[in-house]
Amino acid sequence: MYTRRKFLTTSAIAAAGLGLAACRDAAQAQAPTTSATAAAGPLNTRAIPSTGEKIPVIGMGTSGSFEVGQRPAELDPLREVLKRFFAAGATLIDSAPTYSVAEDVMGTLLAEQGLTTKAWLATKLSGVTGREAGMAQFEDTLRRLKTDKVALLQVHNLGDLKTQMAVARELKAQGKIKYVGVTHYVERAQDELADVVQAEKPDFLQINYSVASRGAEKRVLPLAQDLGVAVLINRAFEDGKLFAQVKDKPVPSALTEAGVTSWAQAFLKFALSHPAVTAVIPATGKPDRQTDNLKAGIGPDLTSAQRDALIAALA
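Residues numbered from 1 in each chain as written. Predicted model: local features only at pLDDT ≥ 70, side-chain atom pairs only at ≥ 80, totals over all residues. Heavy atoms only, no water.

Draft legend 1. Main features of helix 11 (residues 287–295). Counting buried positions over the nine residues of helix 11 gives eight, a clear majority of the element. For helix 11, the set of buried residues is Pro 287, Arg 289, Gln 290, Thr 291, Asp 292, Asn 293, Leu 294 and Lys 295. (Buried < 20%, exposed > 50% of the residue type's maximum accessible area, 1.4 Å probe, protein only. Helix = DSSP H or I, 4+ residues; strand = E, 2+ residues; numbered from the N terminus.)

Draft legend 2. Layout of the packing of helix 10 (residues 263–272) against helix 11. Direction vectors running N to C along helix 10 and helix 11 enclose 45°, while the axes themselves pass 8 Å from each other. The angle between helix 10 and helix 11 places the two elements in the oblique class. As helix 10 runs across helix 11, the sense of the crossing is right-handed. Touching Ala 264, Gln 265, Leu 268 and Lys 269 of helix 10 are Asp 292, Asn 293 and Lys 295, all from helix 11. Looking at the contact of helix 10 with helix 11 residue by residue, the classes come out as two nonpolar, two polar and three charged. (Axes fitted to C-alpha atoms, helices over the stretch in contact; angles between N-to-C directions. Parallel < 35°, antiparallel > 145°, perpendicular 65-115°, else oblique. Left-handed = near helix turned anticlockwise from the far one by under 90°. Contact = heavy atoms within 4.5 Å. Nonpolar A, V, L, I, M, F, W, Y, C, P; charged D, E, K, R; others polar.)

Draft legend 3. Up close: empty space enclosed by the protein. Under the definition given, this model contains two cavities of 30 Å³ or more. What lines the second largest cavity is simply Asn 44, Arg 46, Val 57, Lys 269, Leu 272, Ala 296, Gly 297, Pro 300 and Asp 301. Here the lining of the second largest cavity is composed, by residue class, of four nonpolar, two polar and three charged. (1 Å grid on protein atoms, 1.4 Å probe; cavity = no way out; pocket = protein on both sides within 12 Å on 5 of 7 lines; lining within 4 Å. Points joined across faces, edges and corners; volume = space filled by probe spheres on them.)

Draft legend 4. Up close: the side chain of Lys 124. Its place among the elements puts Lys 124 in strand 5 (residues 120–125). At a separation of 2.7 Å, a polar atom in the side chain of Lys 124 contacts the main-chain carbonyl oxygen of Ser 95. Engagement of the side chain of Lys 124 in a polar contact is seen with the side chain of Tyr 99, the distance being 3.4 Å. (Polar contact = N/O pair within 3.5 Å; in protein donor to acceptor, adjacent residues only side chain to side chain.)

Draft legend 5. Structural view of unusual backbone geometry. Unusually for a residue other than glycine, Lys 146 sits at a positive phi of about 60°. Assignment of secondary structure puts Lys 146 in the loop between helix 4 (131–145) and strand 6 (150–155). Its relative accessible area of 46% is what places Lys 146 among the partly exposed residues. Of note, Asp 248 is a non-glycine position whose phi angle comes to about 70°, a positive value.

Draft legend 6. Representation of the nonpolar core in the model. In terms of nonpolar packing, the biggest core is built from 84 residues, with Ile 93, Val 182, Leu 205, Trp 263, Phe 267 and Leu 310 touching the most fellow members. Contacts of Leu 310, omitting those with residues within four sequence positions, involve Val 211, Leu 255, Trp 263, Ala 266, Phe 267, Phe 270 and Leu 302. Of all hydrophobic cores here, the second largest spans 13 residues; its members include Ile 55, Trp 120, Phe 204 and Leu 232. (Core = buried A, V, L, I, M, F, W, Y, C linked by side-chain atoms within 4.5 Å.)

Draft legend 7. Structural detail: the sheet that holds strand 4 (residues 92–94). With parallel pairing, eight strands are arranged side by side in an open sheet as 3-4-5-6-7-8-9-10. The open sheet has two edge strands, strand 3 (60–61) and strand 10 (279–280), and neither has a second partner. For strand 6 and strand 7 (residues 177–183), the ladder comprises five bridges, and the chain directions are parallel. Its bridge partner lying in strand 7, Leu 152 is registered against Tyr 179. The strands touched by helix 5 (residues 161–173) are strand 5, strand 6 and strand 7; relative to strand 7, the strand with the most contacts, the crossing angle is about 165°. (Pairing = 2+ DSSP bridges.)

Draft legend 8. Local environment of the pairing of strand 6. Most of strand 6 is tucked away, with six of its six residues classed as buried. Sheet topology places strand 5 next to strand 6; four bridges connect them, and they run parallel. In the strand pairing of strand 6, Lys 124 is matched with Gln 154. Each parallel crossover has a hand, and the one from strand 5 via helix 4 to strand 6 is right-handed. Note on the crossover from strand 6 through helix 5 to strand 7: the handedness is right-handed. (Right-handed = clockwise from strand over helix to strand, strands pointing away.)

Draft legend 9. Molecular detail of the environment of Tyr 99. Inspection of the secondary structure assignment puts Tyr 99 in the loop between strand 4 and helix 3 (102–112). Accessibility expressed as a relative area gives 11% for Tyr 99, which makes it buried. Separated by 27 residues in sequence, Tyr 99 and Ser 126 place their C-alpha atoms 9.6 Å apart.

Draft legend 10. Representation of helix 5 within the structure. For helix 5, with 13 residues, the first-to-last C-alpha span of 18 Å sits near the 18 Å given by 1.5 Å per residue. At the C-terminal side of helix 5, Gly 175 shows a positive phi close to 85°. (Expected span 1.5 Å × (residues − 1).)

Draft legend 11. A look at the pattern of salt bridges. The full count for this structure, using the stated rule, is 20 salt bridges. Close ionic contact of Glu 80 with Arg 84 constitutes a salt bridge, the shortest N to O distance being 2.9 Å. Of this pair, Glu 80 and Arg 84 both sit in helix 2 (residues 72–87), four residues apart, roughly one helical turn. The class of Glu 80 is partly exposed, set by a relative accessible area of 25%. The exposure class assigned to Arg 84 is buried, which follows from its relative accessible area of 10%. Note that Glu 132 is salt-bridged to Arg 131, the shortest N-O span being 2.6 Å. Ionic contacts of the salt-bridge type, sharing partners, join the residues Asp 76, Arg 79 and Glu 112 into one network. (Salt bridge = Lys/Arg side-chain N within 4 Å of Asp/Glu carboxyl O.)

Set out below in structure tokens:
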């Protein structure tokens, strides 16, 4: 079984997130998009199996993209990113206390725009060991996000699993969170994640899944369907690597005929077209990229033929 000790340290992952986000945004900038500042039409929503509550299928992550300084040149684009996000009807924002200053920046920007109560906030117990450390980290997260509760609390990368799941469930009983979840971000950990989901039956799981990394289809996603566990998808762009693979290639006609106008939309729609998936959480600090991402949450899912066409385009 793959264990957490084999992964990079939390601080190394957080630091790497800055570079990955920069690469992702730079790569996505090569993909065709439109200049419209708002997605046309309401976002699709999907139900959380454990409660029936519906959430929009496009959310947003914060790793890298919200790890910025206090200069207007850094914060102003993020203000616009949030403005477009909420204007489109999106609400789900995923973060973690180990994403350096991301929660501080997000909390400040949401508060100044009066958006805190509109946000469906997901965060994590990350890089801590023991009940007291978990509780202290969560209280600090609430302070940083400028709120008294969040929707979802996830045990990040299965770290100190039993203790932190107990912490999350204790906080759920107190009404400080609504849902409990577990996360990971690499295919080689998916069997371990599936074992945990089968044993713990959380409300949510979060895992990587993309047109190029489809390992979650083998066990994790079918298991989530069988157990009624909501699924959040990270790394749908493979940290920007997918855009490099399709540089100078047109989006397959099978997708453009269905209204897909960019590679970003194609990649996000691929993830969303699996019936187990509840929402995807791409991260960006660029307003136009946000608009493009949001458009993936409108209209029908990809058909099997369209999925196959996309897979073939990356072969």
